[in-house]
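# Structural features, examined
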Amino acid sequence: FQSIAGVAKMWFSGAFFLLLSHGVANAFTTANPAFVTRGGSLPMSTAEAETADVSKMQEAARRTMLAARLKGQAQPEGKKAGKDAPPVSIGWDSHKPVDEIPDSLVREGDGPDGNFPMRSKFEKMCREAQIGITRAIEEIDGAGTFQEDCWTRANGGGGMSRVLSGGEVFEKAGVNLSVVYGSMPQEALQAATERGVDRAKGMAPGERVPFFACGLSSVMHPKNPHCPTMHFNYRYFETDGGVWWFGGGTDITPSYVNEEDMKHFHGTYKEICDKHDPDYYKEFKAWADRYFVIQHRNETRGFGGIFFDDQNNKEPDQHFEFSKECVNSVIKAYGPIIEQHKDDEFTQQEKEWQLMRRGRYVEFNLVYDRGTVFGLKTGGRIESILMSLPETARWEYNNIPEPGSPEAEFLEVCKHPRDWV
C-alpha cells in the first residue's frame, strides 16, 4: 500500500509546479464552472469551451490593467481592508493549543461587522452536532474513541477537532469545528464560493477581503469495502459589509453498488429537502453530481448526495434551519448502512479495489475540493485540513475492471450518475 504521506508530497509538488507555471490563481482553481453552476449537467466539451473562454477573459483583463499602468493612468479605486485587518494568511503556526475548551470561539466585536447572533447560533449548532455525531460513531464502532484537540488564534476564532483512528469499524473518522476570522486574497474568496467575484464587489484590485467563517466538516473511512465513506460539511460565511451566505452538503462514496443503501441515504436527504423547499433535492442532488467530479479522470468521486452553496435568497433563519436539520440527520442517513455491512465478508481483491477508490478520493480532495483549497490559501491548521485523507490508499497503473464485474458496474455509475429516489 502506498503511504498517504508520499502521495500528499507528490500532489503538493505538482501544485508548486503549477504555482511557478501559471500563478496562484490558476494553480488553485476550483472545479470547472461547468460542473458547479446551477441547473442541469453540461457535457465535457462544453465545460472545456467555457474554461477557454474564462481564460481569454482573464488574459484580456490582465492586458487592460497592464496597458493602463504603462500609460500612467490611475486604476479605479475600491474599498480597502482596514489597517487593523488580519494578514492575508493567518499563518500555519498561528494556532495555539489550549487545554481547556472555551464556551465559545465566537466573540462579539471580532472580525468584520455582521450578524453576531447568527455567528454564535451557528457555532453552537455545529458544536452540538459534533458531540452528537461522534458519540453515535463511537457506539457503532464499539472500540474506538475520538481524540479531541482544541486551539485558538490570536486574532480570534479557533477550532475543535475530534478524530478516531484504528477503530474496530472505522480506520479513520474525523469531525472538525472551525471558527475563522481573517482576510483573504480575492482568489481565495473564489475558492470559498462559486460567486467569488460578487462577494468581493467594491474591493480595490488585489485588496484582501475581511471575512468570518464557521463550519463543521467530517469524513468517515470504514475498514470494510462494503461500508461506504461519508463526508459532510455545513458552513456559514460573512464578508466585510454584511454580505452573508450558507453552504454545505452530505455525500457518500461507496466502493460497490448497493441500490438499497443508496435509496436509504438519498431518500433521507430528499425527505429533508422536500420539507424545506420542493426544488431543493433535485437542484442540490444535481449540484453534488457536478461538484464531486474528478475532472482529470472524467468520473465522480462517489455516488453524490446533496451539495449547495451561496444560499442567501431567504431569511437567514430559514437557511439555518435547513442546515441544522441536514447535519443532525447524518447518523440517520449513514448509520444504518454501516450497521448493515460492518461485518460483511470480503476478499483481498475487494479490499484492494476499495483502496484504489480511496486513491481517487485523495486526488479529488487535493486538487479540486473547495474546503481544502480555502484552508490552504488562508493559512488554516494543516492537520485539520488534511484530516479528510484516509490512512491507506492504493494506485495501480492503468487498472481497468473486467467487463461485467461489480467494479465495472461501480465505475459506470461514476461516469453516469443515477437517480436513486
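Structure first, text after, so check above.
As a starting point, this report considers the structure included with it.

## Structural notes on the pattern of salt bridges
Taken as a whole, this structure holds 24 salt bridges when the rule is applied. For glutamate 325, the salt bridge is made with lysine 275, and the minimal N-O distance between the two is 3.3 Å. Taken as a pair, glutamate 325 in helix α10 (residues 316–327) and lysine 275 in helix α8 (residues 259–276) lie far apart in primary sequence, 50 residues in all. Overall, glutamate 325 belongs to the partly exposed group, its relative accessible area being 24%. On the accessibility criterion, lysine 275 (61% relative accessible area) is exposed. When the shortest N-O distance is used, the salt bridge between glutamate 363 and arginine 297 registers 2.7 Å. Here glutamate 363, found in helix α12 (residues 348–367), pairs with arginine 297, found in the loop between β9 (293–294) and β10 (299–300); they are 66 residues apart in sequence, far enough to count as distant. With relative accessibility at 30%, the residue arginine 297 sits in the partly exposed group.

## Re the pairing of strand β5 (residues 170–184)
In terms of residue burial, β5 counts as a mostly covered element, since 14 of its 15 residues are buried. Counting the residues that bridge the hairpin from strand β4 (residues 157–165) to β5 gives 4 residues, and of these glycine 166 lies at a positive phi of roughly 70 degrees.

## Re the state of the cysteines
Evaluation of the coordinates by the stated rule reveals 0 disulfides. Residue cysteine 273 stays outside any disulfide, its sulfur separated by 5.6 Å from that of cysteine 326, the closest cysteine.

## Some remarks on the environment of aspartate 240
Looking at the element boundaries, aspartate 240 is found in the loop between β7 (229–239) and β8 (243–253). The sequence separation of aspartate 240 and proline 112 amounts to 128 residues, and the corresponding C-alpha distance is 5.2 Å.

## Focus: the packing of helix α5 (residues 116–141) against helix α11 (residues 330–341)
As a packed pair, α5 and α11 sit with axes 11 Å apart at the nearest point and diverge in direction by 10 degrees. As summarised for this structure, α5 and α11 are arranged roughly parallel, according to the angle between their axes. Two secondary-structure elements touch here, α5 through Ile133, Ala136, Ile137 and Ile140 and α11 through Val330, Ile331, Gly335, Ile338 and Glu339. The residue makeup of the contact of α5 with α11, split by class, is 7 nonpolar, 1 polar and 1 charged.

## Topic: the side chain of threonine 372
If you trace the backbone, threonine 372 turns up in helix α13 (residues 370–377). Apart from residues lying up to four places away in sequence, threonine 372 is in contact with Asn365 and Ile385.

Conventions used here
- Residues numbered from 1 in each chain as written.
- Predicted model: local features only at pLDDT ≥ 70, side-chain atom pairs only at ≥ 80, totals over all residues.
- Heavy atoms only, no water.
- Salt bridge = Lys/Arg side-chain N within 4 Å of Asp/Glu carboxyl O.
- Helix = DSSP H or I, 4+ residues; strand = E, 2+ residues; numbered from the N terminus.
- Buried < 20%, exposed > 50% of the residue type's maximum accessible area, 1.4 Å probe, protein only.
- Pairing = 2+ DSSP bridges.
- Disulfide = S-S within 2.5 Å.
- Axes fitted to C-alpha atoms, helices over the stretch in contact; angles between N-to-C directions.
- Parallel < 35°, antiparallel > 145°, perpendicular 65-115°, else oblique.
- Contact = heavy atoms within 4.5 Å.
- Nonpolar A, V, L, I, M, F, W, Y, C, P; charged D, E, K, R; others polar.

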